[in-house]
Amino acid sequence: KVPAWLPVDLARVAFRHIRYARAVNFGLRVAQLCKMAFSARLGGMAQLPVSCVKPILMHTYLDESAFRPDGEFHDRYFPGLAELLQKEGYQVLVLPVMFNVRRSLRQAWAWTKSSSSRFVNPYALYRLADYVFALRIASRAAHLPEGPLKFEGNDLSAMVRGENERTAYSVLTSILNLRLPLRLREQGIACSALLAEFENMIPEKMLIQGFREHSPDTELIGFQHGALYPHLLCNFTPPEERDIAPMYDRVVC
């Protein structure tokens, strides 16, 4: 609805720019995902074991300090944990997220292929249907919530919808995590446990939900690597969220 004081021509121009901005944002996000997937597939395929009895999957972040020249993997989030588990007789698969790397994504994934550690390249497992699935989920999220949203008498629906449209397609890689446990199961990999960082953020919920649906026997363990302080509200789960949100089986602090 155009306000009476706003010239109609100006309103039409503004509407067209908003519509174009949405299209550009969508195109950039999809292009970014395609580039990431293409680079990962060129860099190296998934290093899945031929035979493995219920391995442990570790989800962690790789920055430039993780890449040691001799192929040794330095894990800043879980230093020494993989080595300890392997000494106890467990096989560890590392699910990496490339973060703040100075080399190209293709070079980063190529390094994991030559490393002495065993990495899982999820983009080597995903299918076209998984990418279509992620786009559909993001599209649904961009149009949520339905109906008015009021706060202290003010209708915030337009603001929330605008934020959804701006950010819904920025988590496509996280949405793909919903399908990763399914693709691992198809490869004959049934993980006994998932070890991942706990921040109670949206991206980690996807991986948790994926295991709940496709690998319900996997134990889900989160690790809180920082200090808990009252104003970091996302770390504190209210009873209403506890009953509906995907959560780890336990969180180690």
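Right above here is the structure, for reference.
All figures in this text were calculated on a predicted structure; none of them were measured in a lab. (Residues numbered from 1 in each chain as written. Predicted model: local features only at pLDDT ≥ 70, side-chain atom pairs only at ≥ 80, totals over all residues. Heavy atoms only, no water.)

**Q** Go over helix α4 (residues 128-142) with me, naming the residues and quoting the values.
**A** Over its 15 residues, α4 runs 21 Å from end to end, which matches the ideal 21 Å to within 8%, given 1.5 Å per residue. Burial in α4 covers these residues: Asp130, Tyr131, Ala134, Ala138 and Ala142. In a view along the axis of α4, the buried residues occupy a sector of 115°, so they form one face of it. Among the exposed residues of α4, those oriented more than 90 degrees off its buried face are Leu128, Arg136 and Arg140. (Helix = DSSP H or I, 4+ residues; strand = E, 2+ residues; numbered from the N terminus. Expected span 1.5 Å × (residues − 1). Buried < 20%, exposed > 50% of the residue type's maximum accessible area, 1.4 Å probe, protein only. Arc of directions from axis to C-beta.)

**Q** Can you tell me about the sheet that holds strand β1 (residues 56-62), naming the residues and giving the values?
**A** Spatial strand order, β2-β1-β5-β6-β7: five strands in an open sheet with parallel pairing. Strands with a single pairing partner mark the edges of an open sheet, and in this sheet they are β2 (92-98) and β7 (250-252). Looking at each pair of strands side by side, their axes are set apart by 25° on average, direction ignored. Looking at chain direction, strand β6 (residues 219-223) and β7 are connected through three bridges and run parallel. Note that in β7 the partner of Ile221 across the bridge is Arg250. Where helix α3 (residues 105-114) meets the sheet, it contacts β1 and β2, and its direction lies at approximately 170° from that of β2. (Pairing = 2+ DSSP bridges. Axes fitted to C-alpha atoms, helices over the stretch in contact; angles between N-to-C directions. Contact = heavy atoms within 4.5 Å.)

**Q** Quick one: what's the story with the packing of aromatic side chains, residue by residue and with numbers?
**A** Each aromatic ring pair is characterised by the separation of its centres together with the angle its planes make. For the structure shown, the criterion picks out eleven aromatic pairs. Taken together, a centroid distance of 4.9 Å and an interplanar angle of 80° make the contact between Phe26 and Tyr169 edge-to-face. Separated by 143 residues along the polypeptide, Phe26 in helix α1 (residues 8-43) and Tyr169 in the loop between α5 (157-167) and α6 (172-176) bring together distant segments of the chain. On the basis of relative accessibility, which here comes to 34%, the residue Phe26 falls in the partly exposed class. Measuring from centroid to centroid gives 6.1 Å for Trp111 and Phe119, while their planes differ by 65°, and the two rings are edge-to-face. An identical accessibility class is assigned to Trp111 and Phe119; each is buried. In this structure an aromatic cluster arises from ring pairing among Phe67, Phe73, Trp111 and Phe119. Taking the ring centre of Phe67 as reference, the NZ or CZ of Arg103 above it sits at 4.4 Å. Geometry around Phe133 places Arg179 over its ring, the cationic atom sitting 4.5 Å from the centre. (Phe/Tyr/Trp six-rings, centres within 6.5 Å; stacked < 30°, edge-to-face > 60°. Lys NZ or Arg CZ within 6 Å of the ring centre and 35° of its normal.)

Geometric descriptors of this kind do not, in isolation, establish any biological role.
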